[in-house]
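Coordinates in review
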Amino acid sequence: MILLSGDDLETNFVRISVRPLVEYVFSSGSIDSGFRTASTMQEGTRIHQQVQRNYREGDEKELYLHTEMPHNGIRYRIEGRCDGLIQTAEGWMVDEIKSTAAGLDTLEGGRPVHWAQAQVYAYMVAQERQLEQIGVQLTYVDTGTGEERRFKRACTLAELTQFVQSVVERYAPYASLRLANAAKRDESIRSLPFPFDAYREGQRKLAGAVYGAIREKKKLFAKAPTGIGKTMSTLFPAVKAIGEGLLQQMFYLTAKTITRTAAEQALGLMKEKGLFLQALTITAKDKVCFQEETLCAKEACPFADGYYDRINGAVLDILSHETLMTRQVIEQYARKHKVCPFEFSLDTAYAVDAVICDYNYIFDPRVSLKRLIEEQKKRTVLLVDEAHNLVDRGRDMFSAAISKAGFLQLKREYKAVNRGIADAADAVNKYFIGLRKACGEARMQLSKEAPQELADLLEAFAGEAERALAAGGDNEPLLLDAYFAAQNFIRMAKLYDSRYITYAEVQHSDVTIKLLCLDPSYLLTQAAKGFRSAVFFSATLSPLSYYRDMLGADPEDYSVSVASPFRREQLDVRIVPVSTRYRDREQTREQLADLLHGLVSERSGNYMIFFPSYQYLQSVYEVFTGKYPEIQTIVQGSGMGEEERERFLDAFQADNRKTLAGFAVLGGIFSEGIDLQGDRLIGVAVVGVGLPQLGLERNLIRDHFNGEGKNGYDYAYVLPGMNKVLQAGGRLIRSEQDEGVLLLIDDRFLQPHYMRLLPEEWKDDASE
């Protein structure tokens, strides 16, 4: 990966690793080759070690190499790690090791990009050791059979010098553009003012804390109230840090699309003030795909076929003409150059100054941007918006489940088509049959050990599936789904430790086994390791001690809590002690409907009412609309698409002279991230304390933290639940002019344990 200049901010210096250099020039494929998708990083490491074990005494492995080469006024530092340097009868030979699932017979003498990589290493060795001639070898290993095949060449130093010069020459337009854009960016940042006339109260404090964390290379855990302008308070100091050479790149990480829009708008405001900074938004593959069915194979998609013949031109084009690369801009250039919009956004992300994307591109081991090298991470900050969401998202990212049914179906479908897949699927299916018997009458089983036997069987299955998929003739969705599920399970089994538990459940004739990550803090820390700084911020990062624990804070990391900038009189908080416990819901739903009618009848306008579940919402909604049909209502539906969400929010108009009651779900898409300022929202009711539904997984989390000497019930139920309450209540007061009523309906809100978790500005008003 390219690093523009070093810490000395030398303006005509480019630092680049060998692999991205040759991949750029030789268009190494991922969409239509078997190499980028061939295996996990652990599998690649295993195969490298398998080959290197056969090296003899005096041979060298994992050899760090570097060289410098000037071209057109730019000095290029090329560096990388060579797999092997072997002594032969003819002299030294560079060995480049590659694993493939596509079959050794498809290699045709070796891939050009692999030869290029090996030849650059050979040039650096020959130059360093003053060799006039050196051997170059590609060693390919079949991931399924372990069979090895080698291709060899002999090269002179003169030939290698000419080759590397030609590579740099072809790379130079991209590097020159990046350098020119960086210089323009830094000049614009030096004169960039804060984009508003003044800081809001508390905003300067937060911005200063963010800059300090970046400067001191620390994590920051920031609790800052809704309406303070957290997005600008984190982005602006990060932009300034880029201009001062502390950073090269920032990632603005979010859990929801709507918060991505807020980041785009903040960067747009700074652009209006003169900022030149290239930012890109990554949109999920299924949302941005141009095809009716998302099949990433050249046979099925014209945007994948020949992708790497066109991608360099597409990247140069967009970097030459755009700064804010939203989804619409990415799609425009993807159509123009006929490239996959999702892969295009990923490839361009490595070249921009700011990336706006979901958490998973950094934290999820299945989809993270793995080409971020350590040197680039050292000059990158992570800005994690609505960071309270990362705890449960982290659990999901680091957990894996797999079921019997799919493997039984694969066994049947592939019996006459591909015996290898059928037999491997049959072995997995037989494991599940044994597991179902072991579950007995309890129909479940718990274990603190990873199911290694299953992981081994899945690894064998994945190898067979990989070969079939890499051959390019089989993109059956059932096989693809099973392959990805198997790979994820294998990956999580390798991460398994005391923070995990394994449970199996029998449902009808099917069996599911899950590796449940109980405590994601360690793995979140490992994922963020190497970045210069990380800022975790939210209006509801409370209590800070809990989130520092769950998000992996070190003792020396920073915390900051910013007081609300709004007047107490703006918010009328009322606590109504009605039981919303599951056992009491049927008896209290009429009383609850009357309470809600009383709230929305006080003043014409827009209200939102949040319930802990769809079922409870529908139960009360039925009573409410039956008794009060004159009140206009709108209800959050399950699985709403983007257009449906927009229609729901558009109903909350500021000029509404009637009354609108919106029924929504706590923790859902409308309980956080939305911004209904002024009269678009004048009242909120929160029904219940938001506790997650009692269940096996939450109880396992509770028991784990009890065993760690912590309050397991709080960690599993109370704190996640109350966070949903705080988020929902935070929809109400969004600016200095907003006023409204917040109704908290549950007798537990008056209990000291729950009362302590409410914001100070919510506590002063008397209960009814």
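Computed from a predicted structure; not experimentally measured. The numbering scheme is per chain: residues are counted from 1 as the chain's sequence reads. Residue-level local features of this predicted model are given only where pLDDT is at least 70; pairs of side-chain atoms are given and counted only at 80 or more, and the full residue set underlies all totals for whole chains, interfaces and linings. Where side-chain values are given, they derive from all heavy atoms of the structure, hydrogens and water being excluded.

1. Considerations on the overall build of the chain
- Strands are runs of DSSP state E lasting at least 2 residues, helices are runs of H or I lasting at least 4, and numbering of each runs from the N terminus. Looking only at helices and strands, one finds 26 helices and 25 strands in the chain.
- In the chain, once contacts between residues fewer than 6 apart in sequence are set aside, the share between residues at least 24 apart is 78%.
- Accessible surface for the chain amounts to roughly 32,300 Å². Of this, 47% is attributable to carbon and sulfur atoms.
- For the chain, the distance from the average site of its 93 positive side-chain charges to the average site of its 106 negative ones is 1 Å. Contacts were defined at the residue level, with two residues in contact if any of their heavy atoms lie within 4.5 Å. All accessible areas in this document rest on Shrake-Rupley with a 1.4 Å probe, and a residue is counted as covered only by the protein chains that are shown. Counted as positive: Lys and Arg. Counted as negative: Asp and Glu. His and the chain ends are not counted at all. Every charge is mapped onto a representative atom, which is NZ of Lys, CZ of Arg, CG of Asp or CD of Glu.

2. Side note on the packing of helix α10 (residues 327-337) against helix α11 (residues 341-349)
- Here α10 crosses α11 at 110°, and the two axes come no closer than 9 Å. Compared by their axis directions, α10 and α11 come out roughly perpendicular. Contacts between α10 and α11 involve I330, Y333 and A334 from the first element and P341, F344 and S345 from the second. Note on geometry: axes are lines fitted to C-alpha atoms, helical ones only across the stretch in contact, with angles between N-to-C directions running from 0 to 180 degrees. Any angle from 65 to 115 degrees is called roughly perpendicular, while one under 35 is roughly parallel, one over 145 is roughly antiparallel, and all others are oblique.

3. Regarding the sheet that holds strand β20 (residues 571-576)
- Note on pairing: DSSP must find at least two bridges between two strands before they are called paired. An order of β20-β25-β24-β21-β23-β22 is seen for the six strands of this open sheet, with the pairing classed as parallel. Where the open sheet ends on each side, the last strands, each with one partner, are β20 and β22 (632-635). Across this sheet, the average inter-strand angle for adjacent strands is 15°, counted without regard to direction.
- Pairing between strand β24 (residues 683-687) and strand β25 (residues 740-745): five bridges, direction parallel. Residue pairing across strands places A685 opposite L743, the latter belonging to β25.
- Across the sheet, helix α25 (residues 712-729) lies against β21 (605-611), β24 and β25, angled at about 165° from β24, the strand it touches most.

4. Observations regarding the environment of A182
- Position of A182 relative to the elements: it lies in helix α4 (residues 157-190).
- Sequence separation between A182 and S619 is 437 residues; the distance between their C-alpha atoms is 57 Å.

5. Describing the pattern of salt bridges
- Within this document, salt bridges are pairs made up of a side-chain nitrogen of Lys or Arg and a carboxyl oxygen of Asp or Glu, the two lying within 4 Å of each other. Within the structure shown, the criterion is met by 41 salt bridges.
- The partner of E642 in a salt bridge is R327, with the nearest N and O atoms 3.8 Å apart. Here E642, found in helix α23 (residues 642-650), pairs with R327, found in helix α10; they are 315 residues apart in sequence, far enough to count as distant.
- The structure contains a network of salt bridges with shared partners spanning R15, E68, R75, R77 and E79.

6. So, helix α9 (residues 307-321)
- Expected helix span is given by 1.5 Å per residue-to-residue step, counting one fewer step than there are residues. Between its first and last C-alpha atoms α9 spans 21 Å; for 15 residues at 1.5 Å apiece the expected length is 21 Å, and the two agree.
- Whether a residue is buried, partly exposed or exposed follows from its accessible area with a 1.4 Å probe, protein chains only, as a fraction of its type maximum: under 20%, in between, or over 50%, in that order. Within the span of α9, buried status applies to Y307, Y308, I311, A314, V315, D317, I318 and L319.

7. With respect to unusual backbone geometry
- The amide bond that connects S542 to the next residue, P543, takes the cis arrangement and shows omega of 0°.
- Looking at the element boundaries, P543 is found in the loop between β18 (533-538) and α20 (544-550).
- One non-glycine residue with positive phi stands out, namely E108, at about 55°.
- Mapped onto the elements of the fold, E108 is located in the loop between β5 (91-100) and α3 (112-129).
- The residue E386 is not glycine, and still its phi comes out positive at about 45°.
- Looking at the secondary structure, you find E386 in the loop between β13 (380-384) and α14 (390-397).

8. Remarks on the sheet that holds strand β8 (residues 219-223)
- The sheet built from eight strands is open, its strands ordered β11-β10-β12-β9-β13-β18-β8-β19 with parallel pairing. Lying at the two open borders of the sheet, with one neighbouring strand each, are β11 (324-325) and β19 (558-561).
- Sheet analysis places β13 next to β18, joined by four bridges and oriented parallel. Bridged to V384 within β18 is F536.
- Across the face of the sheet, helix α5 (residues 203-216) comes into contact with β8, β13, β18 and β19 while running at roughly 175° to β19.

9. Some points on the state of the cysteines
- The rule for a disulfide is simple: a pair of cysteine sulfur atoms within 2.5 Å. All chains considered together, the criterion is met by zero disulfides.
- Summary of cysteine pairing: C357 is not part of a disulfide, and the nearest cysteine sulfur, belonging to C340, is at 16 Å.

10. Observations concerning the pairing of strand β2 (residues 13-17)
- Across the five residues of β2, four count as buried, placing the element largely inside the fold.
- Sheet analysis places β2 next to strand β4 (residues 74-88), joined by five bridges and oriented parallel. Across the sheet, I16 pairs through a bridge with I78, a residue of β4.

11. Examining the nonpolar core
- Remark: nonpolar core denotes a set of buried residues (Ala, Val, Leu, Ile, Met, Phe, Trp, Tyr, Cys) joined through side-chain atoms within 4.5 Å. Of all hydrophobic cores here, the largest spans 193 residues; its most connected members are I282, F344, F363, L382, F461, M608 and L744.
- Considering every element that reaches this core, the biggest residue donor is α4, with 12 residues.
- Those residues in contact with L744, other than ones at most four positions away along the chain, are V573, R574, I575, V576, V686, V725, F749, L758 and W762.
- In this structure, I214, L267, V381 and V562 belong to the second largest nonpolar core, which totals 38 residues.

12. Description of the packing of aromatic side chains
- Ring pairs shown here join Phe, Tyr and Trp side chains whose ring centres sit within 6.5 Å, with only the six-membered ring taken for Trp; geometry is labelled stacked below 30 degrees between planes, edge-to-face above 60, and tilted in between. Tallied over the full model, the rule gives 27 aromatic pairs.
- Their ring planes at 70° and their centres at 5.4 Å tell us that Y171 and Y174 sit as a pair that is edge-to-face. Taken together, the residues span about one helical turn, with Y171 and Y174 both in helix α4 at a distance of three residues.
- What makes Y171 buried here is its relative accessible area of 2%.
- With 5.4 Å between their ring centres and 55° between their planes, Y483 and F484 make a pair best called tilted.
- Put simply, the rings of F611, Y616, Y621, F624, Y628 and F663 pair up and form one aromatic cluster.
- For R170, the ring lying beneath its charged end belongs to F26, and the centroid distance is 5.2 Å.
- Comment: the charge-over-ring label is applied if NZ (Lys) or CZ (Arg) is within 6 Å of the ring centre and within 35 degrees of the ring normal. The lysine or arginine in question, R335, covers the ring of F290, its NZ or CZ lying 3.8 Å from the ring centre.

13. Focus: the packing of α9 against α11
- α11 packs onto α9 with a crossing angle of 60° between their chain directions and a minimal axis gap of 10 Å. Taken as axis vectors, α9 and α11 run oblique relative to one another. Crossing of α9 over α11 shows right-handed handedness. Contacts between α9 and α11 involve Y307, Y308, I311, A314, V315, I318 and L319 from the first element and E343, F344, D347 and T348 from the second.
- Each residue gets one label: Ala, Val, Leu, Ile, Met, Phe, Trp, Tyr, Cys and Pro are nonpolar, Asp, Glu, Lys and Arg are charged, and the others, such as Gly, are polar. Of the residues belonging to the contact of α9 with α11, the class tally is eight nonpolar, one polar and two charged. By the definition used in this description, the sense in which the near helix is turned from the far one sets the handedness, with an anticlockwise turn below a right angle giving left-handed and a clockwise turn giving right-handed.

14. Focus: the pairing of strand β7 (residues 148-156)
- Here nine bridges tie strand β6 (residues 133-142) to β7, and the two strands are oriented antiparallel to one another. Among the inter-strand pairings, T139 is bridged to a residue of β7, identified as R150.
- The antiparallel hairpin formed by β6 and β7 contains five residues in its connecting segment, where G146 sits at a positive phi of about 80°.

15. Examining the environment of L346
- By the element assignment, L346 lies in helix α11.
- Separated by 64 residues in sequence, L346 and I282 have C-alpha atoms that sit 7.2 Å apart.
- In this view, L346 contacts I282, Y361 and L369; residues no more than four positions away in its chain are not counted.

16. Brief notes about a negative patch on the surface
- Two distance rules govern patches: like charges are joined within 9 Å, and nonpolar side chains (Val, Leu, Ile, Met, Phe, Trp, Tyr) within 5 Å, applied only to residues with over 30% relative accessible area and no salt bridge. Together, E643, E644, E646 and D650 make up a region of like negative charge exposed at the surface.
- With respect to the helices, strands and loops of the structure, D650 is situated in helix α23.

Note that every value here comes from positions in space, so none of it alone points to a role or purpose.
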